[in-house]
Amino acid sequence: MLDSSAAPEVRVCAAAELVNGGLGVKVPVTDGAGQTTAFFVRYQDRVHGYLNRCAHVGVELDWEGSFFTRAGDLIMCARHGATYQPDTGLCVGGPCKNGRLTVLTVDERDGSVFWQPTGKIRPRDEAAA
């Protein structure tokens, strides 16, 4: 069944910009609770996207675009140290254990990464900026 609330897909970046366990790419979004960002990372050769909000307190996870632990095997909240599985968003350590990041629908094709907004999470309209 097609989601009638879906917005047009958003080109996030060139696929080559995301490397396994490397820096993420952030996109400004709104989610019904206010303005924040979404982020996109590569892990084990697949791109994953999440709302940039820790399951513990709701702050943004990254420190200057860095989402992964030094080992590049987990996503880590820079504020509280909560850790998440990069491929599922499941919290596996810290104050929100068994919590979950909000997963975004992502597609990689033709050398680019695309996000398909659904539900309340929408790109911020910055065309006027």
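Look up: the structure comes first, before these words.
Residues numbered from 1 in each chain as written. Predicted model: local features only at pLDDT ≥ 70, side-chain atom pairs only at ≥ 80, totals over all residues. Heavy atoms only, no water.

1. Section: the overall build of the protein
What counts is decided by this rule: Counting from the N terminus, the helices are DSSP H or I runs at least four residues long and the strands are E runs at least two residues long. Computation of the radius of gyration draws on C-alpha atoms alone. For the globule rule, the value is 2.2 Å times the number of residues to the power 0.38. Three labels apply to residues, based on accessible area from a 1.4 Å probe with only protein chains included: buried if under 20% of the type maximum, exposed if over 50%, partly exposed otherwise in between. Contact criterion: two residues are considered in contact whenever any of their non-hydrogen atoms come within 4.5 Å of each other. Computed with the Shrake-Rupley method and a 1.4 Å probe, the accessible areas treat only the protein chains shown as cover for residues. Counted as positive: Lys and Arg. Counted as negative: Asp and Glu, with His and the chain ends omitted from the count. The location of each charge is read from NZ of Lys, CZ of Arg, CG of Asp or CD of Glu.
A tally of helices and strands in the protein yields zero helices and ten strands. Secondary structure of the protein in N-to-C order comes out as β-β-β-β-β-β-β-β-β-β. The C-alpha radius of gyration of the protein comes to 14 Å, within 12% of the 14 Å expected for a compact globule of 129 residues. Dimensions of the protein, computed from C-alpha atoms along their principal axes, come out at roughly 35 × 35 × 30 Å. Relative to its 129 residues, the protein shows a buried fraction of 42%. The contacts of the protein with a sequence gap of at least 6 include a subset with a gap of at least 24, amounting to 49%. When the accessible surface of the protein is split by element, carbon and sulfur atoms take 50% of a total near 7,100 Å². Counting 13 positive and 15 negative side-chain charges, the protein places the averaged centre of each group 6 Å from the other.

2. Here's the deal with the environment of V103
As for its position among the elements, V103 is in strand β8 (residues 103–109). A C-alpha to C-alpha distance of 4.7 Å links V103 and Y50, two positions 53 residues apart in sequence. Discounting residues that sit within four places of it in the chain, V103 has contacts with G49, Y50 and T88.

3. So, the sheet that holds strand β6 (residues 83–84)
Hydrogen bonding along the main chain pairs the strands of a sheet, whether they run parallel or antiparallel. Worth spelling out the cut-off: Note on pairing: two strands pair once DSSP finds at least 2 bridges between them.
Strands sit in the order β5-β6-β7 across an open sheet of three strands; the sheet is antiparallel. On the outer flanks of this sheet lie β5 (75–76) and β7 (91–93), each paired with one strand and no other. Bridge analysis of β6 against β7 gives two bridges, and the strand direction is antiparallel. Counterpart to Y84 in the pairing with β7 is C91.

4. Re the nonpolar core
Defined as follows: Among the buried residues, those of types Ala, Val, Leu, Ile, Met, Phe, Trp, Tyr and Cys that are joined through side-chain atoms within 4.5 Å form a nonpolar core.
V12, L18, V29, F40, V113 and W115 are the most contacted members of the largest nonpolar core, which has 16 residues in total. Leaving out residues up to four positions away in the same chain, L18 has contacts with C13, L23, G24, V25, F40, V41, R42, V47 and V113. If you look at the next biggest cluster of nonpolar residues, it comprises 15 residues, including Y43, Y50, F68 and Y84.

5. Brief notes about the pairing of β8
Across two bridges, strand β4 (residues 46–51) lies against β8 in antiparallel orientation. For G49, the partnering residue across the bridge sits in β8 and is L104. Where β8 meets strand β9 (residues 112–116), five bridges bridge the pair, whose relative direction is antiparallel. Of the residues in β9, the one forming a bridge with D107 is F114. A loop of two residues connects β8 with β9, the two strands running antiparallel in sequence, and D110 in this loop sits at a positive phi of about 50 degrees.

Without other data, these values stay purely geometric and don't point to any function.
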